[in-house]
Amino acid sequence: MEPQKKYEQFIGQPRLPKFAVPKRYDLKLNPDLITCEFTGIVDIDIDIVAETKFIVLNAADLVIDREFVYFKNQSSSEEFRPVEIELVGQDEIMVLEFNDVLPTGEGILGIGFEGTLNENMKGLYRSTYEHNGEKKNMAVTQFEPADARRCFPCWDEPACKATFKITLTVPSELIALSNMPVIQEKVEGHLKKVYFQESPIMSTYLVAAVVGLFDYVEGQTSDGVKVRVYCQVGKDKQGKFALDVAVRTLELYKVYFATPYSLPKLDMVAIPDFSAGAMENYGLVTYRETALLYDEQHSAAVNKQRVAIVVAHELAHQWFGNLVTMEWWTHLWLNEGFATWVSYLAIDNLFPDWKIWTQFLDQIMEGLKLDGLEESHPIEVEIRHAAEIDEIFDSISYRKGASVIRMLQSYLGPEVFQRALASYIKRYACSNAKTEDLWAVLEEESGEPVNMLMNSWTKQQGYPVVSVKFIDQKLEFEQSQFLSSGSQGVGQWIVPITLCCGSYDVQKNFLLRAKSEILDAEEFIGCSIADESFAEKDGTKCNWIKLNVDQTGFYRVKYDDVLAAKLRYAIEASHVSATDRFGILDDSYSLCMARKQSLSSLFSLMDAYRKELDYTVLSYLITVSYKVASIAADANPGLADDIKQFFINLFQHPAEKLGWEPKQGESHLDAMLRGEVLTALVEFGDDATQKEGIRRFRAFLDDRNTPLLPPDIRKAAYVSVMKDVSSSNRSGYESLLRVYRETDLSQEKGRILSSLSSCPDPAIILEVLNFLLSSEVRSQDAVFGLTVCKEGRETAWQWLKDNWAHISKTWGSGFLITRFISSIVSPFSSEDKANEIQEYFASRSKPAIARTLKQSLERVHIHAKWVQSIRSEDSLAELVKELASRK
Ligand code: BES
Ligand code: ZN
């Protein structure tokens, strides 16, 4: 037997051994933008805290210069050279073995290395752009979650904070950026050495560098922080909006967290190839172009809002994440959930008329949606290998995370909450924290048992549905785990129940700790409930009850039939707030999917939203109607036309109100709503709308600046065109491709990509899908074209199989691959298809897609059961007929 290699003791461990810890990195990088290779030297001040013959750190995809690896003890100046250097690929570690024991104390570890500027959008990678008609490379870093190790050897864990002194050698005509300001530049021939100021202590995943050609716009906060937005040469005007948001947001967070921004400057850069939306690198935030640049003439209101939200999110991380960092990836939600929540707080301050807290319901809804699957996971999730981290950047960490924070804030009150956050930031600044550390501070500040309250939400997956019944003047509450599959879960939560009765002036609350609780209605609410007048639309004060007031809780509510009917009337009579109208709709839709409620009852409820004009509610009503129309057509194709007509009727009223053209001084929300409502009418086959869309598109083809097609309604027009396209009439498709090729605005390209797949002709769908794989679509953008209309479902699945090898190779190393699966697999609704898909992936699944695949298959099973139950629903057809005939 071969003698066991000594380094094996370090293999397969989730975390690095800590007998040596880094204090300071002196990092020199020389990227060659022509050969797309780089060399580097890193000198790391380390502290040997326990005598050892080994130093273990992270490294991946790097070639180590074995002649240039040494350790020098500081006090004795003795130099040690490793006898063995093992690079363990699967664990992405590098083990240095020394002959002698390294003494405790400080020393310097020096390592020379080289690598490639890869095309996978992680580590130190290359992005491309055009300048004066010439294609050029830029060098960019993306290190989160665990890819700093692909750029330089390091202790690549969030808790291993150190300072960074970075030096870049780059072509002298280019701009080189890093986390800190430049302190010196030395030109040497056609190269220059750019020296950056040493950073405060920070985690490796936040280290960043960008090298390329840029223009910028600049501003300053009231306390002198220099803020710049860098973008492609000639696009600097497009950076102004983000710059303004950034300056104001920094000032706001300084007050909210009671701590100033901790670096002397903040740069924000638009990167043409970028896999996430943006990345919060300390002092050097990188963005997709669509998430940073705003073009007055060609960006839509929705693009503007996206820019504001993303900027506010990344800047929140400068405190929550960068200054105070999660101790391990298990606590990723502390970063992402908080940044998400705080970004809404900032935007609400900056743009109060955007009603962003109502829009926050989208976050809650998406969180509930994913967490309603058996294949969900708890907010705090065990991470045993770097490869598992990518997958938890999902709706659980972001959206459920943000939602439970909102729930807690509304339970404790905003003032206490803010005070506690400020002291948490102070206490853990320049350090790391775990979930329970935050709870402890909140508990101290509020005197409430926060830890106990929140554990049920962060340590266990899922959430409850609270059933409420009104019987004999008693209110009965019962919680059980909600699962979209309709199965029975075993979870139990401490649920902050809020309730209002007949008006928002009468509000009550209590903590539901047990499985169920019965309360005397009169005692609890303080007035009797008029049960005899349940069918009345108006009447006495207490004739309707709404739980989860303003939807601040992360749970669903199921009302008994009588209470549900009263709520429906209250909606029709406009007594219910927009947030609650949203919640009632989402709960009803989800209960219907879980087969706890009939489709007829959902349709009847939707019919109560005929007068709806609130952006968030209507936008979600549209989303629900797409889903329901599709599933009902799978169940019974004979119903499809009537259902479409019902939805056309539903959206006719807002469409007439909004018209096609912006009204003088109209709200941001109306601008966003217009496009969505018109698109919905086109999707449901409203002839007049489609014709008008096509007419306006023609005008646009003649003149890209025509007032007939402002950005907010372009998508509606593009979809109109694509719905009109068949293999014998391809001219619309070809014209759209022309616009795509011609524009250099990424948002316009995205808008077009997301419209192309609405074509009902499978032959064209196939062309569109193949186009996504061509060099004309950046790999970051291909995912926009994957939401294929019903007619293209089979084609898309066949295409995915035919191209799987290529797709898996191109997108397989990042998280975008999961979108190919979820978009194409989830829409199916039969057991046969689920089996077919499962069989296909049996030999093809891998860690990066395993969870998404399971979740997507679970959705197919859920749809299949739903279809069966719809088929057995009596009197659905009559109801749909009636609704379709009611104009
Ligand atoms: N830290 C993330 C970026 C990230 C995502 C890194 C996934 C590695 C893997 C960043 O703060 C972020 O959350 N960006 C969001 C935008 C935000 C507004 C939700 C994104 O990329 O979509
Ligand atoms: Zn984030």
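Description of the structure in this document. Since this is a predicted model, take the numbers as computed values, not measurements.

The next subject is the coordination of the zinc ion (ligand 2). Coordination of the zinc ion (ligand 2) by the protein is provided by H313 (NE2), H317 (NE2) and E336 (OE), with metal-donor distances spanning 1.9 to 2.1 Å. Site description for the zinc ion (ligand 2): donor spacing in sequence, H-x3-H-x18-E. In this pair, H317 is assigned in helix 2 (residues 301-317) and E336 in helix 3 (residues 332-350), connecting sequence segments 19 residues apart. The exposure class of H317 is buried, given its relative accessible area of 0%.

Between its terminal C-alpha atoms helix 11 (residues 561-572) stretches 17 Å, which fits the 16 Å expected from 12 residues at 1.5 Å a residue. Looking at helix 11, one finds that the buried residues are L563, A565, K566, L567, A570 and I571. Looking at the buried side of helix 11, the elements it contacts are strand 23 (464-471), strand 28 (545-547), strand 29 (556-559), helix 12 (578-593) and helix 13 (599-607). Among the residues trailing helix 11, S574 stands out with phi positive, at a value near 60°.

The subject of this paragraph is the packing of helix 3 against helix 7 (residues 414-428). The relative placement of two packed helices comes down to the angle between their axes together with the axis-to-axis distance. Helix 7 packs onto helix 3 with a crossing angle of 135° between their chain directions and a minimal axis gap of 15 Å. As judged from the angle between their axes, helix 3 and helix 7 are oblique. At the point where helix 3 passes helix 7, the crossing takes the left-handed sense. Only F417, L421 and Y424 of helix 7 make contact with helix 3, whose side of the interface consists of L334, F338 and W341.

Now for the environment of Y7. Following the sequence through the fold, Y7 ends up in the segment before strand 1 (20-32). In the structure, Y7 is positioned 777 residues away from F784 in sequence and 45 Å away in space, judged by C-alpha atoms. Contact partners of Y7, with chain neighbours within four places excluded, come to E86, V88 and V95.

By nearness alone, 16 residues border ligand 1, and E144, G277, E280, E314 and Y398 come closest of all. Within the side chain of H317, one N or O atom sits 3.0 Å away from an oxygen atom of ligand 1. Here Y398 contributes a side-chain N or O atom positioned 2.6 Å from an oxygen atom of ligand 1. Sorting the residues of the shell around ligand 1 by element identifies strand 19 (278-279) and helix 2 as the ones contributing at least two each. In terms of residue count, helix 2 provides more of the shell around ligand 1 than any other element does, 5 residues in total. Grouping the amino acids of the shell around ligand 1 by side-chain chemistry returns 7 nonpolar, 4 polar and 5 charged.

Calculation rules
- Residues numbered from 1 in each chain as written.
- Chains lettered and ligands numbered in written order.
- Predicted model: local features only at pLDDT ≥ 70, side-chain atom pairs only at ≥ 80, totals over all residues.
- Heavy atoms only, no water.
- Donors = N, O, S within 2.8 Å, 3.2 Å for Na, K, Ca; no water.
- Helix = DSSP H or I, 4+ residues; strand = E, 2+ residues; numbered from the N terminus.
- Buried < 20%, exposed > 50% of the residue type's maximum accessible area, 1.4 Å probe, protein only.
- Expected span 1.5 Å × (residues − 1).
- Contact = heavy atoms within 4.5 Å.
- Axes fitted to C-alpha atoms, helices over the stretch in contact; angles between N-to-C directions.
- Parallel < 35°, antiparallel > 145°, perpendicular 65-115°, else oblique.
- Left-handed = near helix turned anticlockwise from the far one by under 90°.
- Near = heavy atom within 4 Å.
- Polar contact = N/O pair within 3.5 Å; in protein donor to acceptor, adjacent residues only side chain to side chain.
- Nonpolar A, V, L, I, M, F, W, Y, C, P; charged D, E, K, R; others polar.

Note that all results are geometric; they support no functional claim without further evidence.
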